[in-house]
Amino acid sequence: MNNNNIRDTENIRSAILSQYSNWKGTRYHLGGTTHNGVDCSALMQKIFSASFGQSLPRTTTQQIHNGQQVSKETLKPGDLVFFKTSPGQRHVGVYVGDNKFIHASSSEGVTMSSLANHYWVDHYETARRLKVMG
């Protein structure tokens, strides 16, 4: 990896963490799109719009079709991580490095979690790298 890639990765991570500080602790609300309550896919929309000027579709079902699939072993900050939480239900977060991702948790609100957590390991589905991320 050359210095530009390292710098780009750090810039992406910093931009996402900056947005996280704005949203951290916001309660989860299915269908919510504001600081009064937000769901996982709306949080991704807000983070990517504010950080990179990139628009994402509204739902996880639509978001999972963006970008290209990447393996769990090659995740980079800015990659979307998807989980199959129950039949017909999907959850999305954004990877920030160090095996951690930011998401709107139905139990904790906007938080950072570890991909090593047994719940997320058991429900992991796929990851997508958006074109703007390189």
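Residues numbered from 1 in each chain as written. Predicted model: local features only at pLDDT ≥ 70, side-chain atom pairs only at ≥ 80, totals over all residues. Heavy atoms only, no water.

Chemist: How should I be thinking about the side chain of Gln-19 in this particular structure?
Modeler: The residue Gln-19 is located in helix α1 (residues 3–23) in this model. By relative accessible area, which is 12% here, Gln-19 ends up buried. Once residues within four sequence positions are removed from consideration, Gln-19 is found in contact with Lys-46, Ile-47, Ala-50 and Ser-51. (Helix = DSSP H or I, 4+ residues; strand = E, 2+ residues; numbered from the N terminus. Buried < 20%, exposed > 50% of the residue type's maximum accessible area, 1.4 Å probe, protein only. Contact = heavy atoms within 4.5 Å.)

Chemist: Please explain the pattern of salt bridges as it appears in this structure.
Modeler: Here the idea is simple: oppositely charged side chains can pair when their charged atoms come close. Across all of its chains, the model carries 4 salt bridges by this definition. In this structure, Arg-13 and Asp-98 form a salt bridge, with 3.5 Å as the shortest nitrogen-oxygen distance. Taken together, the positions of Arg-13 in helix α1 and Asp-98 in the loop between β5 (89–97) and β6 (100–105) put the pair 85 residues apart, joining distant regions of the chain. Classification of Asp-98 as exposed rests on a relative accessible area of 61%. The partner of Arg-58 in a salt bridge is Asp-39, and the shortest N-O contact between them spans 2.9 Å. Taken as a pair, Arg-58 in the loop between α2 (40–52) and α3 (60–63) and Asp-39 in the loop between β2 (37–38) and α2 lie far apart in primary sequence, 19 residues in all. (Salt bridge = Lys/Arg side-chain N within 4 Å of Asp/Glu carboxyl O.)

Chemist: Honestly, unusual backbone geometry in this entry has me stumped. Any pointers?
Modeler: Glycine aside, a negative phi is what most residues show, and trans is what most peptide bonds show. Positive phi outside glycine occurs at Asp-98, with the angle close to 55 degrees. For Asn-99, which is not glycine, the phi torsion reads 65 degrees and is therefore positive. Among the structural elements, Asn-99 can be located in the loop between β5 and β6. Its relative accessible area of 33% is what places Asn-99 among the partly exposed residues.

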